[in-house]
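Each chain, written out:
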Amino acid sequence: MKKPFTPKVVTANHLLKGDVIYQTATGWTRTLAQAEVLTDEADADLRLLEASQQTGEVVGAYLAEVKLRDGDPVPTHFREDFRATGPSNYAHGKQAELN
Amino acid sequence: MYSYSDFDTAFLAQRNAQFRAQVERRIAGHLTEDEFKPLRLMNGLYLQLHAYMLRVAIPYGTLNGARMRKLADIAERWDKGYGHFTTRQNIQFNWPELRDVPDMLDALAEVGMHAIQTSGNTIRNVTADHFAGAAADEIADPRPVAELLRQWSTDHPEFQFMPRKFKIAITGSPNDRAVTRAHDIGLRMVERDGARGFEVIVGGGLGRTPMIGKVINDFLPEPDLLPYLEAIVSVWNQIGRRDNKYKARIKITVHEHGIDDIRRRVDERFAQTRAAFSGVDQQMLREIEAHFAPPAFQDADTAPYDHALQHYPAFRSWADTNLTPHRAPDHAIVTISLKKHRATPGDASASQMRLIAGLAERYGYDEIRISHEQNVILPHVHKAALPAVYSALRAEGLATANIGLVSDIIACPGMDYCALATARSIPIAQEIATAFDDLKREHEIGPLKIKISGCINACGHHHVGHIGILGLDRAGVENYQITLGGDHSENAAIGDRVGPGFSADDIVPAVERIVDTYLDLRTGPEETFLETYRRTGMSPFKSALYPDARLAAE
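Residues numbered from 1 in each chain as written. Chains lettered and ligands numbered in written order. Predicted model: local features only at pLDDT ≥ 70, side-chain atom pairs only at ≥ 80, totals over all residues.

**Q** Please clarify how the overall build of chain B should be interpreted in this entry.
**A** Looking only at helices and strands, chain B has 19 helices and 21 strands in total. The globule rule puts the C-alpha radius of gyration for 554 residues at 24 Å, and the 23 Å found for chain B is close to it. Each principal axis of the C-alpha distribution contributes one length, and for chain B these read about 65 × 60 × 60 Å. For chain B, the proportion of contacts with a sequence separation of at least 24, taken over those separated by at least 6, is 67%. (Helix = DSSP H or I, 4+ residues; strand = E, 2+ residues; numbered from the N terminus. Rg over C-alpha atoms; globule rule 2.2 N^0.38 Å. Contact = placed C-beta atoms within 7 Å.)

**Q** Explain the interface of chain B and chain A to me, please; I cannot follow it from the model alone.
**A** The extent of an interface is frequently quoted as the accessible surface area lost upon association of the parts. Each side of the interface is counted separately: chain B has 21 residues, and chain A has 21 residues. Broken down by class, the residue content of the side of chain B that touches chain A amounts to 9 nonpolar, 5 polar and 7 charged. (Nonpolar A, V, L, I, M, F, W, Y, C, P; charged D, E, K, R; others polar.)

**Q** Looking at this model, I keep getting lost on the environment of Leu323 of chain B. Mind explaining?
**A** Structurally, the position occupied by Leu323 of chain B is in strand E11 (residues 323-325). Measuring from C-alpha to C-alpha, the distance between Leu323 of chain B and His380 of chain B comes to 11 Å, with 57 residues separating the pair along the chain.

**Q** Explain unusual backbone geometry to me, please; I cannot follow it from the model alone.
**A** Apart from glycine, the bulk of residues carry a negative phi angle, and the bulk of peptide bonds sit in the trans form. All names here are of chain B. Non-glycine residue Tyr60 carries a positive phi angle of around 45 degrees. By secondary structure assignment, the location of Tyr60 is in the loop between strand E2 (52-56) and strand E3 (62-63). Note on Tyr60: 28 C-beta atoms within 10 Å, which makes it buried. Phi is positive for Asp155, close to 60 degrees, though the residue is something other than glycine. Relative to the helices and strands, Asp155 is located in the loop between helix H5 (143-153) and strand E7 (168-171). (Buried ≥ 20, exposed ≤ 12 C-beta atoms within 10 Å, placed from the backbone.)

**Q** Looking at this structure, how should I read the environment of Pro75 of chain A?
**A** Residues and elements named next belong to chain A. Tracing the backbone through its elements, the reader meets Pro75 in strand E5 (residues 72-75). Residue class for Pro75 comes out partly exposed when judged on the 19 C-beta atoms lying within 10 Å of it. Between the C-alpha atoms of Pro75 and Ser88, which are 13 residues apart in sequence, the distance is 16 Å. Those residues in contact with Pro75 that lie beyond four places of it in its chain are Ala64, Val66, Glu80, Asp81 and Ala84.

**Q** Looking at this model, I keep getting lost on the sheet that holds strand E14 (residues 368-370) of chain B. Mind explaining?
**A** Consider a sheet: its strands pair through backbone hydrogen bonds, and that pairing is either parallel or antiparallel. Residues and elements named next belong to chain B. Sheet architecture is open: 5 strands sit in the order E3-E14-E15-E12-E11, paired in antiparallel fashion. Whereas interior strands pair on both sides, the edge strands pair on one side only; in this sheet they are E3 and E11. Pairing analysis gives 3 bridges linking E11 to strand E12 (residues 331-336), with the strands arranged antiparallel. From the neighbouring strand, Thr324 faces E12, where its bridge partner is Ile333. The strands touched by helix H12 (residues 350-363) within the sheet are E12, E14 and strand E15 (376-382), with E15 carrying the most contacts at an inclination of about 25 degrees. (Pairing = 2+ DSSP bridges. Axes fitted to C-alpha atoms, helices over the stretch in contact; angles between N-to-C directions.)

**Q** Would you explain the packing of H5 of chain B against helix H9 (residues 280-291) of chain B in this entry?
**A** Helix-helix packing: each pair is described by the crossing angle between the helix axes and the interaxial distance. Residues and elements named next belong to chain B. Interhelical geometry of H5 versus H9 gives an angle of 130 degrees and a closest axis separation of 9 Å. Accordingly, the angle class assigned to the pair H5 and H9 is oblique. Once H5 is placed against H9, the crossing between them reads as right-handed. Of the residues in H9, those in contact with Pro144, Glu147 and Leu148 of H5 are Asp281, Met284, Leu285, Ile288 and Glu289. Its residues assigned to classes, the contact of H5 with H9 comprises 5 nonpolar, no polar and 3 charged. (Parallel < 35°, antiparallel > 145°, perpendicular 65-115°, else oblique. Left-handed = near helix turned anticlockwise from the far one by under 90°.)

**Q** It is not clear to me how the nonpolar core should be interpreted in this structure. Could you clarify?
**A** Taken as a class, soluble globular proteins show a tendency for nonpolar side chains to be buried jointly. Residue and element names in this part refer to chain B. Of all hydrophobic cores here, the largest spans 173 residues; its most connected members are Ile232 and Ile356. The greatest single-element share of this core, amounting to 9 residues, is contributed by helix H6 (residues 225-239). The residues contacting Ile232, other than those within four sequence positions of it, are Ile185, Val202 and Val266. (Core = buried A, V, L, I, M, F, W, Y, C linked by C-beta atoms within 7 Å.)

**Q** What should I look at first to understand the sheet that holds strand E4 (residues 82-85) of chain B in this one?
**A** All names here are of chain B. Strand order in the open sheet formed by 5 strands is E1-E2-E5-E4-E13, and the pairing between neighbours is antiparallel. Looking along the sheet, the strands with just one partner apiece sit at the ends: strand E1 (45-47) and strand E13 (347-349). Strand-to-strand twist in this sheet, taken as the mean axis angle between neighbours without regard to direction, amounts to 30 degrees. Across 3 bridges, the pairing between E2 and strand E5 (residues 91-93) is antiparallel. Within E5, the residue paired with Leu54 across the bridge is Phe93.

Below, the structure written as structure tokens:
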């Protein structure tokens, strides 16, 4: 039986900065909480296709699974957790930008 | 060390200009990412988890003060003020932006450095014994040969699109500090009847299919080196598997065909390649050797060293662990630990790099090495200067006395940085080092090499760690497998997997149980962990790690 579709966000790396970005309804954000949450599989595939075509801005777009906590998307896998925050040995990356 | 000729300088300038144009074309949208990716990889530029990463080659791990200062400048100007020294004797910058990379490469070129062939399916940076040119146990300095190999393999037209990457390591000492048996080709300098040659080892490697290399030629005369290596790489380039990247390395080719078949093919090919080498390579080697002439070692009174040994216990402790005998008895090889407890293994800040550069220039004949164990070496320091060197290092947090001990851990960047990783390595290394430092046990434990990889690709050499730790993703949770009994030396061995893995919370206590078991079992302080393991086998360690399984069996 096909697995039920779980919520996703489109994520990629920024071409120039190389950092992690997430697709919004109108563009891209560096904050996961602001990402567009996709709950429909066909819609998610379409949004990924649109993202993949933006080769002048993003690299390596893919769908990452999320769950909703207080209405905001949060990662379900630890890899996406690190991408959303930064390395654990220094307060670099997104955690530096957020603090 | 080797100084660039006008040809080298012009080649590098041309290459950097070419890459600058490629970056501009990518940004302008004239190159797709699929087109750009192989071009950036050929120039050492990866896209990792949080940012681009530039891997800079440090040929055979040799630097001088000017080059180290340049790395410090780059770290400050285009990165976050530090660099990460790797198990390939290279340095990685974790935070560059794409537009800046051509400028970074130009800055490197100012001191004769580059990032060429630090990635891609090419012959990578040739690695060597980090004590090369200084070790008391050395037959000859392997670096001139390593430099010859660098020049031969750089932009070699036949070897730019091979089945997979290809790594060569060389040692001039019978005590193998270059892990030659875990490389695609390992070279051990040997002498026979007064002539210099090489024991050639082929098909070693770690990764998902670890293999100890096999001797394909027990004595290759020095003049035959390049045509013979060209024959090996050529044979593999032709018959190596391109249908499956996980079976493409030469270790698989050797395994599938057998060493005798590979030897026969290489010998046939060698008959052709030998004829094409007129001897110019040997002339070049003689010229290169002149660049590596040993410094004129100074004479001085060693009284300051003797006095410090006698009166300062901290200095004595550092001297006991971080100094290695030098070929000149009044000199020493200094290993600067980049493994301060709680710090990230292999990381050095810009100010630390500048301090090391200054010490090398003032006390070390302007020579620096990077070890595959992610430490920095001052290969030639007169003993009279050691107290001053120690004091300066201590002021910058670089005088940790732990070389070869439990906290001198190799750790790959793991999932804190690497896009390939399946788990983190760095925090595990930090926690292990902290746990043993808190109880001040590591000098009691003695020589013990822990090596941690954050994925099956084994950049952290876990297979050859006395205790190896492999981080995996098990159903969305970090999980750490332990291997025991690995050895990277001339007695190279792949470690044995103990059993089911441990969670991130349980892995440090598990390592402590292994060490406690060793301390209980050893016949005395002179029996090392590896010796005890070889004597007792895995059983007592397994019982300590999985007591419930033991009870169930009883």
